[in-house]
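Here's the letter readout for the chains.
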Amino acid sequence: MRLLLVGILFGSLLMLPELIQQRNQLLHESAVLSQQRATAREGDSENSEVTDNQSGSVLVSGSHSPLTEKMVQQAVGRRSESESGYISIWNWQGLENVTASARGLDSLHHFANSYLVGFQPFATKELWIPLYTLAIRKEYQYDHLQYAGLADIWQTSRQAYYQKRGDCEDHAILLADWLINLGVDARVALGTHKGEGHAWVVAIVNNTEYLLEATSKRRQSSWQAMPLAALAEGYEVEFQFNRNYFWAKTTSASTRSYRGNHWIKKSQFVRS
């Protein structure tokens with residue numbers, strides 16, 4: 001028994017520095033988040049009322065004529081309300097899959113890129129904070145439950161922060177836009193996860209691709225805890241976009257790589 005007690009005591013002494021380090025890390029994280037929340041609250045009242053400019057046109061690679069938002073909205077206007085509630089992938093002048101549009105909270109279709117409005121809730125140097133903040137602030141809810149049966153309604157990054165609920169693309173749009181503000185090459189990926197339509201974020205840091213599940217409610221407090229895209233299972237990506245560009249995959253084969261010859265930059269979004 002004495003030997004056992006000595007062993008336990010020795011083990012506790014070995015663990016003590018690690019426990020202190022973990023405690024200090026948690027205190028640091030708590031202090032950082034408290035400070036950031038206070039900063040965010042100061043601008044909440046004015047920022048939540050801002051109406052972002054989403055209008056613009058798309059310059060399609062291989063075409064000399066732009067695809068305009070007005071053209072998209074006119075085409076969508078000929079559909080039923082339920083049909084217009086889905087994301088649309090557009091062909092233009094014989095070119096396939098040049099961009100995407102989706103219906104916003106204003107009931108109009110806007111280009112996918114336009115939902116990344118350059119918004120960040122507050123400044124931070126810690127790359128893990130945007131995902132952590134999403135985990136504790138925004139609830140996941142399917143669009144058809146929130147918007148009277150409509151299948152797919154998108155929120156801008158600003159709206160996604162102030163709206164309490166949202167689905168996968170709302171989470172992904174806010175996360176990607178925030179990371180872009182931090183200097184990260186971040187993109188919203190569109191495809192399926194385990195056979196279901198889904199949106200997530202790919203972030204390229206130090207030439208390494210990370211797959212960030214924006215809807216995750218695990219409070220990751222370290223960038224090193226983020227999964228490598230090459231190891232993420234069940235994700236089948238078809239398209240990706242950031243504030244400026246829209247990419248489409250050139251092959252039907254599955255891939256876990258978000259760069260390379262199997263991707264083509266289809267178009268550039270130009271905000272009006």
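Residues numbered from 1 in each chain as written. Predicted model: local features only at pLDDT ≥ 70, side-chain atom pairs only at ≥ 80, totals over all residues. Heavy atoms only, no water.

Colleague: Tell me what's going on with the pairing of strand S12 (residues 235-241), and back it up with residues and numbers.
Modeller: Where burial is concerned, most of S12 is hidden: 5 out of the 7 residues are buried. Where strand S9 (residues 185-193) lies against S12, 6 bridges are found, and the strand directions are antiparallel. In the strand pairing of S12, Ala-189 is matched with Gln-240. Of the strand pairs in this sheet, S12 and strand S13 (residues 245-249) are connected by 3 bridges, and their pairing is antiparallel. Paired with Phe-239 across the bridge in S13 is Ala-248. The antiparallel pairing of S12 with S13 creates a hairpin that spans 3 residues between the two strands. (Buried < 20%, exposed > 50% of the residue type's maximum accessible area, 1.4 Å probe, protein only. Helix = DSSP H or I, 4+ residues; strand = E, 2+ residues; numbered from the N terminus. Pairing = 2+ DSSP bridges.)

Colleague: So, the pairing of strand S3 (residues 88-92): which residues are in play, and what are the values?
Modeller: The side chains of a regular strand alternate, first on one face of the sheet and then on the other. The side-chain alternation of S3 yields one buried face, formed by Ser-88, Trp-90 and Trp-92, and one unburied face, formed by Ile-89 and Asn-91. Two elements, S3 and strand S4 (residues 95-104), share 4 bridges in a ladder whose sense is antiparallel. Following the sheet pairing, Trp-90 is matched in S4 by Thr-99. With antiparallel pairing between neighbouring strands as the criterion, S3 and S4 make up a hairpin whose turn holds 2 residues, including Gln-93 at a positive phi of roughly 50 degrees.

Colleague: An account of the nonpolar core is requested, with residue identities and associated values reported.
Modeller: Residues Leu-179, Val-188 and Leu-212 are the most contacted members of the largest nonpolar core, which totals 42 residues. Sorting elements by how many residues they give to this core places helix H6 (residues 168-181) first, with 9 residues. Not counting residues within four places of it along the chain, the set of residues in contact with Val-188 comprises Leu-116, Ala-172, Ile-173, Ala-176, Ala-199, Trp-200, Phe-239, Gln-240 and Phe-241. (Core = buried A, V, L, I, M, F, W, Y, C linked by side-chain atoms within 4.5 Å. Contact = heavy atoms within 4.5 Å.)

Colleague: Could you give me a rundown of unusual backbone geometry, with the residues and numbers involved?
Modeller: Of note in the backbone geometry, Ser-107 takes a positive phi value of approximately 75 degrees without being a glycine. Checked against the element boundaries, Ser-107 lands in the loop between S4 and strand S5 (109-111). Even without a glycine there, the phi angle at Asn-206 is positive, about 55 degrees. In this structure, Asn-206 sits in the loop between strand S10 (196-205) and strand S11 (208-212). Using a relative accessible area of 74% as the deciding quantity, one classes Asn-206 as exposed.

Colleague: Can you break down the sheet that holds S9 residue by residue, with the values?
Modeller: One open sheet accounts for 8 strands, arranged S2-S1-S14-S13-S12-S9-S10-S11; its pairing is antiparallel. Taken across any chain shown, the strands that pair with only one partner, and hence form the sheet edges, are strand S2 (67-68) and S11. Taken together, the 9 bridges between S9 and S10 define a ladder with antiparallel strand orientation. Looking at S10, one finds that Ala-186 is bridged to Ala-203. Contacting S9, S10 and S11, H6 crosses the sheet at an angle of about 10 degrees to S10. (Axes fitted to C-alpha atoms, helices over the stretch in contact; angles between N-to-C directions.)

Colleague: Which residues make up the packing of helix H3 (residues 129-137) against H6, and what are the values?
Modeller: Taken N-terminus to C-terminus, the directions of H3 and H6 make an angle of 150 degrees; their axes are 9 Å apart at the nearest point. Between H3 and H6, the angle is such that the two are roughly antiparallel. Regarding H3 and H6, the two cross each other, and that crossing is right-handed. Residues Ile-129, Pro-130, Leu-131, Thr-133 and Leu-134 of H3 form the contact with H6, whose participating residues are His-171, Leu-174, Leu-175, Trp-178 and Leu-179. (Parallel < 35°, antiparallel > 145°, perpendicular 65-115°, else oblique. Left-handed = near helix turned anticlockwise from the far one by under 90°.)

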